[in-house]
Amino acid sequence: MRYTLKQIHCRPWKLSGLSLKLIESHYENNYGGAMRRLNAITEQLESLDFAKAPGHVVNGLKREELVALNSTLLHELYFASLGGEGVPTDAMREALARDFGSYERWKAEFAAMGYALGGGSGWVVLAYIPRDARLVNQYASEHSQALSGGVPILALDMYEHAYHIDFGANAKAYVDTFFRNIDWQALTERYEQAVQVAPPRPVAQPEYGDLPKMGVEEVKAQLAGGGHLQVIDVRPRHFVSRQLDIAEGVTWRDPERIREWIGELSKGEPVVVYCAYGYHVGCNTAMKLREAGFDARYMDSGHSGWRAIGGPVQLAKT
Ligand SMILES: [Fe+2]
């Protein structure tokens, strides 16, 4: 299937400080060139016998496909980023302040990234990450360093073809001109669409209903802050004897013998239990403790999660 060319999104004659000659050359030669290359690669891929194709042919075509495809996508976003008055909307000021400290701080970083690419090449992209519900500035070198799952909403082209006709080697003047031409209304609309993208689905354990849980980072922070938490490692005995380590300051108790140790716990403070990865052993133990009247929850991600965040561990005593 062929990819189709998209109409230039900004009105080129309305841009301030960017000539028609520059924009036309950019659209026709660079965006159009990427689209033509993409379709040529697509045609070659479609006719390739993958069972017989040498690895280097597959590698080369798929790499070039990625570069050309992303180049078309980023160029379309670049042209759609232009055409405004350069005055940020209140909504975007607020969103940028939330994730960067202030609009000015965001702008300083984005501009510095553009300046830093002067004499080099690449893209500066503002992207929304649904997983974390936040915005981030990123480089996209070789057209292809896209953030997985990120939604790009603003793109600054720092390849020389984007500015040399009007600015020569003065990349800084080009970046400043770009800012004066940002279409903030359109950017706001793209942001509003981006925040509708659902984050990746978390692990579902419907069998435990709304059993309370606590994130591993929060448990670590509470323990470090001297919070009153009773944290119990309830990994099955064979896990602990195999792995030998346990979170620092945490007690291990055999989940098979809950009756023997439940009396050690206080009902006056919350209890957090966890197993190896955050699945059934920790959840079942938390449920039993709740049934017995404790304010208990399980720690998601379990002992592996604790190690994954660099939580301190010590030798386990079983
Ligand atoms: Fe370009």
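Scroll up for the structure.
These figures come from a predicted structure and were not determined experimentally.

## What about the coordination of the iron ion?
Here the iron ion is held by His 26 (NE2), His 75 (NE2), Asp 157 (OD) and His 161 (NE2), and the distances to it run 1.8 to 2.1 Å. Each of the four donor atoms bound to the iron ion contributes to angles spanning 87 to 129 degrees, and the resulting shape is tetrahedral.

## Things to note about the sheet that holds strand β8 (residues 271-274)
Within a sheet, each strand pairs with its neighbour through backbone hydrogen bonds, oriented either parallel or antiparallel. The five strands lie next to each other as β4-β9-β8-β5-β7, forming an open sheet whose pairing is parallel. Edge positions in the open sheet fall to β4 (213-214) and β7 (251-252), since each of these has one partner strand only. One ladder, built from three bridges, connects β8 with strand β9 (residues 296-299); its direction is parallel. Bridging across to β9, Val 272 finds its partner in Arg 297.

## Comments concerning the packing of aromatic side chains
Describing an aromatic ring pair means giving the distance of the ring centres and the angle of the ring planes. Evaluated as defined, the whole model comprises 18 aromatic pairs. Ring geometry for Tyr 103 versus Trp 106: centroids 6.0 Å apart, planes at 35 degrees, classification tilted. Of this pair, Tyr 103 and Trp 106 both sit in helix α4 (residues 103-116), three residues apart, which is roughly one turn of that helix. As far as burial versus exposure is concerned, Tyr 103 and Trp 106 are alike and both buried. Summarising the aromatic geometry, the rings of Phe 110 and Phe 178 are spaced 6.4 Å apart at their centres and angled 10 degrees between planes, so their arrangement reads as stacked. On the criterion of sequence distance, the pair formed by Phe 110 in helix α4 and Phe 178 in helix α6 (residues 171-180) is long-range, its members being 68 residues apart.

## Looking at the sheet that holds strand β3 (residues 151-157)
Read across the sheet, three strands follow the order β2-β1-β3 without closing on themselves; strand pairing throughout is antiparallel. The open sheet has two edge strands with one neighbour each: β2 (134-140) and β3. The average undirected angle you get between the axes of adjacent strands in this sheet is 20 degrees. Here helix α2 (residues 55-81) sits on the sheet and contacts β1 (123-129), β2 and β3; the angle it forms with β3, its principal contact strand, is near 80 degrees.

## Regarding the nonpolar core
Nonpolar side chains tend toward joint burial in soluble globular proteins. Core analysis: the biggest nonpolar cluster contains 56 residues, and Leu 96, Trp 106, Phe 110, Leu 126, Leu 135, Met 158 and Tyr 174 have the highest contact counts within it. In terms of residue count, the dominant contributor to this core is helix α1 (residues 20-46) (eight residues). Discounting residues that sit within four places of it in the chain, Tyr 174 has contacts with Leu 18, Tyr 78, Leu 156, Asp 157, Met 158, Ala 162, Tyr 163 and Phe 167. Formed by 15 residues, the second largest nonpolar core is a distinct cluster that contains Tyr 208, Ile 232, Leu 265 and Phe 294.

## Brief notes about the pairing of β1
Two faces belong to every sheet, and in a regular strand the side chains alternate between them. Within β1, seven of the seven residues are buried, which leaves it mostly tucked inside the rest of the structure. The two faces of β1 match: Trp 123, Val 125, Ala 127 and Ile 129 on one face and Val 124, Leu 126 and Tyr 128 on the other face are all buried. As paired elements, β1 and β2 share seven bridges and run antiparallel to each other. Following the sheet pairing, Val 124 is matched in β2 by Tyr 139. The turn joining β1 and β2, which pair antiparallel and follow one another in sequence, is formed by four residues; a positive phi near 50 degrees is taken by Ala 133. As paired strands, β1 and β3 are joined by six bridges and run antiparallel to one another.

Criteria and cut-off values
By convention here, each chain's residues receive numbers from 1 onward along its written sequence. At least 70 in pLDDT is required for a residue's local features to be given in this predicted model, at least 80 for side-chain atom pairs to be given and counted, and no such filter applies to totals for whole chains, interfaces and linings, which use all residues. In computing side-chain properties, one takes all heavy atoms of the structure into account and sets aside hydrogens as well as water. Donors, by definition, are the N, O and S atoms found within 2.8 Å of a metal, the threshold being 3.2 Å for Na, K and Ca, and water is not counted, so a site can look incomplete. In short, tetrahedral needs four donors with all angles between 85 and 135 degrees, square planar needs four and octahedral six donors with opposite donors over 155 degrees apart and all other angles between 65 and 115, and whatever is left is irregular. Strands qualify as paired when DSSP identifies two bridges or more between them. Secondary structure follows DSSP: runs of H or I at least 4 residues long count as helices, runs of E at least 2 residues long count as strands, and numbering of each begins at the N terminus. Stacked, tilted and edge-to-face are the three classes assigned to paired rings of Phe, Tyr and Trp, where Trp is represented by its six-membered ring and a pair needs centres within 6.5 Å; plane angles under 30 degrees give stacked, over 60 edge-to-face, the rest tilted. Three labels apply to residues, based on accessible area from a 1.4 Å probe with only protein chains included: buried if under 20% of the type maximum, exposed if over 50%, partly exposed otherwise in between. Simply put, an axis is a line fit to the C-alpha atoms, just over the touching stretch for a helix, and the angle between two N-to-C directions goes from 0 to 180 degrees. Here, residues are in contact when the closest pair of their heavy atoms is within 4.5 Å. In this text, buried Ala, Val, Leu, Ile, Met, Phe, Trp, Tyr and Cys residues form a nonpolar core when linked through side-chain atoms within 4.5 Å.

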